[in-house]
Amino acid sequence: MTAPEVEVRRSKRRRRTVSAYREDERIVILVPASFTAAEESEWVATMVRRIEKSEQHPVLTDDDLLARALRLSDEYLGGLATPGSVRWVSNQRTRWGSCTPSERTIRLSERLQTMPVWVLDYVIVHELAHLLEPGHDESFWAWVDRYPKSRKAQGYLLGWSEGAKVIPPSEFAD
């Protein structure tokens, strides 16, 4: 793993606090101008570790995904949607997930593994709703909209698709 590009910005107004954030591929670290080179070096290493740790996403197993789906079904769909399996797949390039209601199976694109958990949860709820309503009609969206972050997650996925120059799935065209 290569070390990230780091930019240190010294501030005369900053007295004791240190902060850091990701700006594109670079980590920007804000330190007081009064810091010594040794203090700066120590804080840079600390803040880079913090940023990198916050960006790590543990990959859920298929069993974890199934348990998560069952919990989401209980919480937002009254436990009515019960999948037989939920698993990651690597062959979905134009969809975030898919569902085969007759087999009660849900497949999720591996691309979701690096996204915020509330986005993953949205896609799971979306696919669970297909176990109750196969199409994308008004009653389907009524189920999906029980998830409180559904609109936010749709916006995130649309933005991601735009940034990655990927055509979003057609159900987001509305």
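Please refer to the structure placed before this passage.
Residues numbered from 1 in each chain as written. Predicted model: local features only at pLDDT ≥ 70, side-chain atom pairs only at ≥ 80, totals over all residues. Heavy atoms only, no water.

A. A look at the environment of R68. Here R68 lies in helix α2 (residues 62-77). C-alpha separation for the pair R68 and D121, spaced 53 residues apart in sequence, amounts to 8.1 Å. Sequence-distant contacts of R68, that is, excluding residues within four places in its chain, are made with L60, V117, L120, D121 and I124. Of the polar contacts made by the side chain of R68, one reaches the side chain of D121; its length is 2.5 Å. (Helix = DSSP H or I, 4+ residues; strand = E, 2+ residues; numbered from the N terminus. Contact = heavy atoms within 4.5 Å. Polar contact = N/O pair within 3.5 Å; in protein donor to acceptor, adjacent residues only side chain to side chain.)

B. Fine view of the sheet that holds strand β4 (residues 85-89). Ordered in space as β4-β6-β5, the 3 strands form an open sheet in which the pairing is mixed. Among the strands making up the open sheet, the edge pair consists of β4 and β5 (97-100). Taken over all neighbouring pairs, the strand axes of this sheet differ in orientation by 20° on average, direction set aside. Taken together, the 5 bridges between β4 and strand β6 (residues 105-109) define a ladder with parallel strand orientation. Among the inter-strand pairings, V86 is bridged to a residue of β6, identified as I106. (Pairing = 2+ DSSP bridges. Axes fitted to C-alpha atoms, helices over the stretch in contact; angles between N-to-C directions.)

C. Looking closely at the nonpolar core. Membership of the largest hydrophobic core comes to 30 residues, with the highest contact counts inside it found for L108, L112, Y122, I124, L128 and L157. Listing elements by their share of this core, those giving two or more residues are α2, β4, β6, α3 (117-132), α4 (138-144) and α5 (150-163). The element best represented in this core is α3, accounting for 9 residues. Beyond its immediate stretch of four places on either side in the chain, L108 contacts L65, V86, R87, W88, V89, Q92, W96, G97, L120, V123 and I124. Counting 10 residues, the second-largest nonpolar core is a separate cluster that includes I29, F35, M47 and V48. (Core = buried A, V, L, I, M, F, W, Y, C linked by side-chain atoms within 4.5 Å. Buried < 20%, exposed > 50% of the residue type's maximum accessible area, 1.4 Å probe, protein only.)

D. Structural detail: the pattern of salt bridges. Under the definition given, this model contains 9 salt bridges. A salt bridge links E23 to R9, with the shortest nitrogen-to-oxygen separation between them at 3.4 Å. One end of the pair, E23, is in strand β2 (residues 19-23); the other, R9, is in strand β1 (residues 5-11), with 14 residues separating them in the sequence. Judged by relative accessible area, R9 falls into the partly exposed class, the value being 29%. Here the salt bridges do not stand alone but share partners, grouping E5, E7, R9, E23 and R26 into one network. (Salt bridge = Lys/Arg side-chain N within 4 Å of Asp/Glu carboxyl O.)

E. A look at the environment of E55. Positionally, E55 belongs in the loop between α1 (37-54) and α2. Exposure remark for E55: the relative accessible area of 34% places this residue in the partly exposed category.

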